[in-house]
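# Working through the structure, step by step
Below, each chain spelled out in residue letters.
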Amino acid sequence: MDAIPNNYKEGLLHIDVRLDELAPRAGVTELLKTLRPHWKAEDIQMKASQATVALQDQGWDTLLQDTVMVLVGKQVFTEGITNQLLGCYVGSVGECAMVLVRVYGHKTELFVDRKREMEMFRLLHAHGCGPQLYCSFQNGICYEFVKGTSLDDPLLTQPSVYRLIAAEMGKLHSIKPKTSSSPQPVLWSKLSNYLQLLQNAGPSDAPVGQSPQPEVPSMDVLLKEMEDLRRHLTAVDSPVVLCHNDLLTKNIIYDSTE
């Protein structure tokens, strides 16, 4: 869906700070001077997530992740491959409102519209479907951490849980754009952009240390498959709605206390 109300596009706090990915503490301290002015710099602790890291040592079975969406009332964060995620707090993890600081990965702006991402953060939060976005900075954002249990297969098979998931997905799909024009799918423009990036990529764009990839279809095959998919789905009488687009088990958090 491609329409976001103007009130979610304006007014977000921006802090003119750039975080050093290798030495982020100084930048984090500057951010928290505004976001948590009562925190003393020397008391601030950080949990870094270069890959998916669980806070299990604090009794939380919660993953720090990067994909933003709350289902079943709570949030899971998928750090993924390209972004660095820091959980910042004072005291013990459970005693304060942790601030998540996400540092964007190199060149991710080529396929992620960061301005639109922030607009979606605020839209979803307003409808009870996502965490609060605190601010943006030069190369990232800060937002709310919400604790809970990331789903696994046994939990997912419980009727009380999968019914909640269905209800929350219905809530997400029912969010309507406040515009007089009909919403248009962004699927095709996103796919086209991604395939264009793949076409233009050279050997130097491959991640350092990446394992050899299995054989993949040629670009011509991928483009044909996309067009076949577009033609098929255009003929299907299905409404265009707001979607999650990455509904993996670990991207769902469950809070049994609510």
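Residues numbered from 1 in each chain as written. Predicted model: local features only at pLDDT ≥ 70, side-chain atom pairs only at ≥ 80, totals over all residues. Heavy atoms only, no water.

It is worth spelling out the confidence of the model for the chain at this point. Summary statistics for the chain give a mean pLDDT of 79 and a share of 76% for residues scoring 70 or more. Element-level mean pLDDT values for the chain span from 30 in strand β6 (residues 73–75) up to 97 in strand β9 (residues 133–137). Under a pLDDT of 50 for its full length, residues 2–9 has, in the predicted model, 20 contacts with residues more than four places off or in other chains. (pLDDT = per-residue confidence, 0-100. Helix = DSSP H or I, 4+ residues; strand = E, 2+ residues; numbered from the N terminus. Contact = heavy atoms within 4.5 Å.)

Okay, the side chain of R102 next. Assignment of secondary structure puts R102 in strand β8 (residues 99–103). On the basis of relative accessible area, R102 is assigned to the buried category, the value being 1%. (Buried < 20%, exposed > 50% of the residue type's maximum accessible area, 1.4 Å probe, protein only.)

Bringing unusual backbone geometry into the picture now. In this model, K107 sits at a positive phi of 70°, which is unusual for a non-glycine residue. With respect to the helices and strands, the residue K107 is situated in the loop between β8 and α2 (114–126). Residue classification places K107 among the partly exposed positions, given a relative accessible area of 38%.

So, about the packing of helix α5 (residues 187–200) against helix α6 (residues 219–234). Running from amino to carboxyl end, α5 crosses α6 at an angle of 175°, the nearest separation of the two axes being 11 Å. When the axes of α5 and α6 are compared, the pair comes out roughly antiparallel. Note on element contacts: α6 touches α5 through M219, L222, L223, M226, L229, R230 and L233, opposite L187, W188, L191, S192, L195, L198 and Q199. Of the residues contributing to the contact of α5 with α6, the split by class is 11 nonpolar, 2 polar and 1 charged. (Axes fitted to C-alpha atoms, helices over the stretch in contact; angles between N-to-C directions. Parallel < 35°, antiparallel > 145°, perpendicular 65-115°, else oblique. Nonpolar A, V, L, I, M, F, W, Y, C, P; charged D, E, K, R; others polar.)

Along an α-helix, residues three or four positions apart point the same way, because every turn accommodates 3.6 residues. Taking 1.5 Å as the rise per residue, α2 with 13 residues should run 18 Å; its terminal C-alpha atoms sit 19 Å apart, in good agreement. Looking at the buried residues of α2, the elements they touch are β8, β9, β10 (140–144) and α4 (159–173). Two to three positions downstream of the cap, the backbone nitrogen of K115 sits 3.2 Å from a side-chain oxygen, assigning the N-cap of α2 to D113. Two residues or fewer after α2 comes G128, characterised by a positive phi angle close to 70°. (Expected span 1.5 Å × (residues − 1). Polar contact = N/O pair within 3.5 Å; in protein donor to acceptor, adjacent residues only side chain to side chain.)

Counting buried residues along strand β7 (residues 84–89), 6 of its 6 residues qualify, which places the element largely inside the surrounding structure. With burial as the criterion, each face of β7 is covered, one bearing Q84, L86 and C88 and the other bearing L85, G87 and Y89. Inspection of the sheet shows β7 paired to β8 by 5 bridges, in the antiparallel sense. Following the sheet pairing, L85 is matched in β8 by R102. (Pairing = 2+ DSSP bridges.)

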